[in-house]
Amino acid sequence: MVSLPIWMITILTEFGPAIYEMSTWYKIEVLVAGAILATGKRTVSAALRVMGLSQERNYAKYHQVLSRSVWSGLEVSGILLRLLLKTFDSGGPLVLGVDETIERRRGEKIAAKGIYRDAVRSSKSHFVKASGLRWMSLMWLTTIPFAQRVWALPFLTALAPSQRYYAEHASVPNKITDWARQRLLGVRRWWPDRAIVAVADSSYAALECLAACAAWPPPVTVITRLRLAAALDEPAPPRRPRQAGRPRLQGKRLPTLAIVAVAATTCWTPVTVAQWYGTGERTVEVAADTAVW
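Every value quoted in this text rests on a predicted model; they were computed, and no experiment measured them. (Residues numbered from 1 in each chain as written. Predicted model: local features only at pLDDT ≥ 70, side-chain atom pairs only at ≥ 80, totals over all residues. Heavy atoms only, no water.)

So, the overall build of the protein
The condition that has to hold: Numbering of helices and strands runs from the N terminus, with a helix taken as a DSSP run of H or I at least four residues long and a strand as a DSSP run of E at least two residues long. Values of the radius of gyration come from C-alpha atoms, whereas the globule rule sets the reference at 2.2 Å times the count of residues to the power 0.38. The buried label applies to any residue whose accessible area, calculated with a 1.4 Å probe on protein chains only, is under 20% of its type's maximum; exposed applies above 50%, and partly exposed to all values in between. We call two residues contacting when some pair of their heavy atoms lies within 4.5 Å. All accessible areas in this document rest on Shrake-Rupley with a 1.4 Å probe, and a residue is counted as covered only by the protein chains that are shown. Counted as positive: Lys and Arg. Counted as negative: Asp and Glu, with His and the chain ends omitted from the count. Taken as the charge location is NZ of Lys, CZ of Arg, CG of Asp or CD of Glu.
Scanning the protein from terminus to terminus reveals nine helices and eight strands. Radius of gyration (C-alpha) of the protein: 24 Å, far over the 19 Å computed for a compact globule of 293 residues. For the protein, the spread of C-alpha atoms along the three principal axes comes to 80 × 50 × 45 Å. Considering the protein as a whole, with its 293 residues, one finds that 31% of them fall into the buried category. Of all intrachain contacts in the protein linking residues separated by at least 6 positions in sequence, the fraction that spans at least 24 positions is 55%. When the accessible surface of the protein is totalled, it reaches about 19,800 Å², and 57% of it is carbon and sulfur. Side chains of the protein give 37 positive and 21 negative charges; the mean places of these two sets differ by 5 Å.

As structure tokens, then:
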């Protein structure tokens, strides 16, 4: 029997409601403690080895915690977010980062693997492929006191297979924006009365996803990056009295962002950012406007 410190038992007890089999609880304690102490890759075998259980006869049962045991990953994510907010929250909107990462995996039994663009090693002129599993992650962006910068604390991760995986299984594919929309809706249901701001890259700049986030009561604000050639228009003008025909959805076409960036008439406002990627204060110039996309 592994004896854990009181502080670790106190934290693990918070996740008790998400574990539906009591026989799994002891194995979870061993794996969590082993994951903290292990060096290198934090696999189940590495966790057992550092806990002195490398010769455990029933080692397969520890692997089955992740593959066969009954527990709710979504409920665990909600509990984890609540604990993070309880520890580091200082009020204000709940700012969430949305991004995906590639876990490089090989083997014929890795059914959901695909081939994706390696964002770290690729550039505008050089394309690098990566084979593995694509995970879509939600992260709480908050300032950690001892770090003096904003950290991204992941609390919910979902496997987002490629379209080839869905084609082989004859099912309707989910886009990466669908996974983000579903997970953001889950967080909105957990915290129905708090302002939520989601920050994502241009992969999530899709009208369907943004329209869904804006329609929730209350809505989720999404900050993303549009293409420089995005079609922007003025808001639709008000209808005139007794005007016939279908109401207009947009007004006069506006210049593209590429034109606005170099136009001499653009009004730029200096703004000081307190922590620019952990390097201290930096002054940047911004131009703000409202448009229909």
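More follows now that the structure is in view.
A short note on the nonpolar core
Keep this limit in mind: Throughout this description, the term nonpolar core refers to a set of buried Ala, Val, Leu, Ile, Met, Phe, Trp, Tyr and Cys residues connected via side-chain atoms within 4.5 Å.
If you look at the biggest cluster of nonpolar residues, it comprises 30 residues, and the most contacted ones within it are L96, V98, W140, F155, L184 and V187. Mapped onto this core, the elements with two or more residues apiece are α5 (73-88), β1 (94-103), β3 (129-144), β4 (149-159), α7 (176-190), β5 (196-200) and α8 (207-215). The dominant element in this core, judged by the number of residues it contributes, is α7, at five residues. Other than its neighbours up to four places away in sequence, L96 contacts M139, W140, L141, F155, L184, V187, I196, V197, A198 and V199. Counting 16 residues, the second largest nonpolar core, distinct from the first, contains I19, I28, V30 and V44.

Details of unusual backbone geometry
Of the consecutive residues P217 and P218, the connecting peptide bond is found in the cis state with omega at -10 degrees. Its identity is not glycine, yet R242 carries a phi of approximately 60 degrees, on the positive side. Mapped onto the elements, R242 comes out in the loop between β6 (221-223) and α9 (257-262). Since its relative accessible area comes to 87%, R242 is described here as exposed.

Topic: α7
Heads up, the condition is: A helix's residues, less one, multiplied by 1.5 Å, set its expected span.
If you check α7, its first and last C-alpha atoms are 22 Å apart, about what 15 residues at 1.5 Å a residue would give, namely 21 Å. Turning to α7, its buried residues number three or more, namely I176, T177, D178, W179, A180, L184, V187 and R188.

Let's talk about the packing of aromatic side chains
The line we're drawing: Any pair of Phe, Tyr and Trp rings, taking the six-membered ring for Trp, is counted once the centres come within 6.5 Å. Such a pair is stacked with planes under 30 degrees apart, edge-to-face with planes over 60 apart, and tilted for the rest.
Applying the stated rule across the entire model yields two aromatic pairs. Relative to W151, the ring of F146 has its centre 5.8 Å away and its plane inclined at 85 degrees; by these criteria the two rings are edge-to-face. Exposure remark for F146: the relative accessible area of 64% places this residue in the exposed category. Ring centres of Y165 and Y166 lie 5.7 Å apart, and the angle between their planes is 75 degrees; on these two criteria the pair is classed as edge-to-face.

Bear in mind that shape data such as this cannot, by itself, settle questions of function.
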